[in-house]
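Listed here are the chains, written in short residue letters.
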Amino acid sequence: MQQLADQFEEIDFHSEIYKDAYSRINAIVIEGEQEAHENYIRLGQLLPEHQNELIRLSKMESRHKKGFEACGRNLQVTPDLQFAKEFFAGLHQNFQTAAAEGKVVTCLLIQSLIIECFAIAAYNIYIPVADDFARKITEGVVKDEYSHLNFGEVWLKEHYTESKTELEEANRQNLPIVWKMLNQVADDAHTLAMAKDALVEDFMIQYGEALSNIGFTTRDIMRMSAYGLTA
Ligand code: Y39
Ligand code: FE
Ligand code: FE
Ligand code: FE
């Protein structure tokens with residue numbers, strides 16, 4: 001334990017190398033929270049019987065965005081938002097296309113399962129190595145993300161039988177994109193003392209648990225959660 005503590009104390013949050021990596025990771029998180037805000041508004045239109053709850057979730061995402069903007073300002077880092085938009089372009093496009101086709105199952109898989117699990121993994125791994133200001137913000141945010149994941153799990157569990165085929169197809173389309181995103185950000189994450197292995201492991205645990213709660217068998221989960229991992 002002491003060895004770990006010593007390792008964390010060595011992180012220089014004000015070094016140019018840290019701030020350069022932070023300009024991209026912080027931007028990814030800010031852009032991600034903005035897109036999550038928009039996605040929950042869109043989901044509220046697709047699921048009118050859950051509109052009030054989904055608008056409530058969308059407002060939480062706006063608060064998360066403000067929190068992470070403050071984290072960047074606190075370190076005097078300017079987020080590279082152009083980079084972040086490109087980073088999310090694949091999932092963003094797939095969500096828009098699915099929404100336009102009224103494919104609510106695909107939209108839920110992209111936002112409430114994949115993106116939320118990615119966020120939970122990233123925030124869990126970031127918290128122990130964050131600066132004090134960002135740690136407090138992120139601890140508050142990650143609790144909310146579990147409730148967003150839960151919304152998707154509960155809805156998809158209730159509609160499991162008729163959603164299963166669309167979920168498998170959406171998983172096949174979107175999971176490889178997540179693994180590419182993770183590879184793209186691995187070096188910057190490493191600069192922030194976040195290990196890629198730990199991110200992959202935490203994502204797999206969250207996503208596998210979610211698929212299990214929805215009703216998939218262990219065999220399905222193994223096949224689905226590793227899909228595209230080596231791509
Ligand atoms: O639901 C949410 O709030 C999710 C949008 C936020 C996405 C956060 C994406 C985090 C990926 C960061 C990768 C760092 C290694
Ligand atoms: Fe969020
Ligand atoms: Fe969220
Ligand atoms: Fe859970």
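What you see is a predicted model; the values in this text were computed from it and never measured.

Q: What is the right way to read the overall build of the chain from this model?
A: Within the chain, the secondary structure is distributed over 9 helices and 0 strands. Its helices and strands in sequence order give the chain the pattern α-α-α-α-α-α-α-α-α, from N to C terminus. Taking 17 Å as the expected radius of gyration for a compact globule of 231 residues, we find that the chain reaches 17 Å, a close match to that expectation. A total of 231 residues make up the chain; the buried ones form 52% of that total. Put simply, of all contacts in the chain between residues at least 6 apart along the chain, 82% involve residues at least 24 apart. Separation of charge centres in the chain, based on 21 positive and 36 negative side chains, amounts to 4 Å.

Q: What's the story with the site of ligand 1 in this structure? I'm lost.
A: As a matter of local geometry, ligand 1 sits amid 16 residues, with Gly-32, Glu-33, Glu-61, Glu-116 and Glu-145 nearest to it. A distance of 3.3 Å is found between an oxygen atom of ligand 1 and a side-chain nitrogen or oxygen belonging to Gln-111. Between ligand 1 and the protein, one listed contact pairs an oxygen atom with a side-chain N or O atom of Glu-145 at 2.7 Å. Relative to its free-state accessible area of 440 Å², ligand 1 is covered by the protein chains to the extent of 100%. Broken down by secondary-structure element, the contributors of at least two residues to the shell around ligand 1 are helix H2 (16–46) and helix H5 (104–126). The element contributing the most residues to the shell around ligand 1 is H5, with 7 residues. Looking at side-chain class alone, the shell around ligand 1 contains 10 nonpolar, 2 polar and 4 charged residues.

Q: Sorry, what's going on with the coordination of the iron ion (ligand 2) here?
A: The expected angle between donors at a tetrahedral four-coordinate metal is 109.5 degrees. At an octahedral six-coordinate metal it is 90 or 180 degrees. The protein atoms donating to the iron ion (ligand 2) are Glu-33 (OE), Glu-33 (OE), Glu-61 (OE), His-64 (ND1) and Glu-145 (OE), with metal-donor distances spanning 2.0 to 2.8 Å. Around the iron ion (ligand 2), the 6 donor atoms are arranged such that angles at the metal cover 52 to 175°; this shape is classified as irregular. Between consecutive donor residues of the iron ion (ligand 2), the sequence gaps follow E-x27-E-x2-H-x80-E. The metal-metal distance between the iron ion (ligand 2) and the iron ion (ligand 3) comes to 3.3 Å, with Glu-61 coordinating both. In this pair, Glu-61 and His-64 both sit in helix H3 (residues 51–74), 3 residues apart, roughly one turn of the helix.

Q: Can you walk me through the coordination of the iron ion (ligand 3) in this structure?
A: The protein atoms that coordinate the iron ion (ligand 3) are Glu-61 (OE), Glu-116 (OE), Glu-116 (OE), Glu-145 (OE) and His-148 (ND1), at distances spanning 2.0 to 2.4 Å. Between consecutive donor residues of the iron ion (ligand 3), the sequence gaps follow E-x54-E-x28-E-x2-H.

Q: Explain the packing of H5 against helix H7 (residues 160–191) to me, please; I cannot follow it from the model alone.
A: For the pair H5 and H7, the least separation of the axes is 9 Å and the interaxial angle reads 40°. For the crossing formed where H5 meets H7, the hand is right-handed. Two secondary-structure elements touch here, H5 through Val-104, Val-105, Thr-106, Leu-109, Ile-110, Ile-114 and Phe-118 and H7 through Ser-163, Glu-166, Leu-167, Ala-170, Asn-171, Asn-174, Leu-175, Val-178, Met-181 and Leu-182. For the contact of H5 with H7, the residue count by class is 12 nonpolar, 4 polar and 1 charged.

Q: Before we go on, may I ask you to explain the environment of Ala-193 in this structure?
A: Tracing the backbone shows Ala-193 in the loop between H7 and helix H8 (196–214). Linking Ala-193 and His-50, residues 143 residues apart in sequence, is a C-alpha distance of 39 Å. Those residues within four positions of Ala-193 in sequence are excluded, and the remaining contacts are Ile-11 and Val-129.

Cut-offs and rules
- Numbering of residues starts from 1 in every chain and runs along the sequence as written.
- For this description, chains carry letters from A and ligands carry numbers from 1, given in the order in which they are written.
- In keeping with the predicted nature of the model, local features appear solely for residues at pLDDT of at least 70, side-chain atom pairs appear and are counted solely at 80 or more, and the whole-chain, interface and lining totals rest on all residues.
- Values reported for side chains reflect all heavy atoms of the structure, with hydrogen atoms and water molecules removed beforehand.
- Under the DSSP-based scheme used, a helix requires at least four consecutive residues in state H or I and a strand at least two consecutive residues in state E, with every element numbered from the N terminus.
- In this setup the radius of gyration rests on C-alpha atoms only. A globule is expected at 2.2 Å times the number of residues raised to 0.38.
- Buried, partly exposed and exposed residues are distinguished by accessible area as a fraction of the type maximum, computed with a 1.4 Å probe on protein chains only: under 20%, between the cut-offs, and over 50%, respectively.
- Here, two residues are considered to be in contact whenever any of their heavy atoms come within 4.5 Å of each other.
- The sign given to each residue is positive for Lys and Arg and negative for Asp and Glu; His and the chain ends receive no count.
- For the purpose of locating charges, the reference atoms are NZ of Lys, CZ of Arg, CG of Asp and CD of Glu.
- The rule for a residue being near a molecule or strand is that one of its heavy atoms must lie within 4 Å of it.
- Counted as a polar contact is a pair of N or O atoms within 3.5 Å, where, for protein atoms, one must be capable of donating a hydrogen and the other of accepting one, and residues adjacent in sequence contribute only when both atoms are in side chains.
- Surface exposure here means Shrake-Rupley accessible area, sampled with a 1.4 Å probe, where a residue is shielded only by the protein chains that are shown.
- Residues are grouped as follows: Ala, Val, Leu, Ile, Met, Phe, Trp, Tyr, Cys and Pro are nonpolar; Asp, Glu, Lys and Arg are charged; every other residue, Gly included, is polar.
- Donor atoms are limited to N, O and S found within 2.8 Å of the metal ion, a distance that becomes 3.2 Å for Na, K and Ca. With water left out, some sites might look partial.
- Under this scheme a four-donor centre is tetrahedral when all angles range from 85 to 135 degrees, a four-donor centre is square planar and a six-donor centre octahedral when opposite donors are above 155 degrees with the rest from 65 to 115, and any other centre is irregular.
- The axes are straight lines fitted to the C-alpha atoms, using for helices just the contacting stretch, and the angles between their N-to-C directions are given from 0 to 180°.
- Should the near helix be turned anticlockwise from the far one by less than a right angle, the crossing is termed left-handed; should it be turned clockwise, right-handed.

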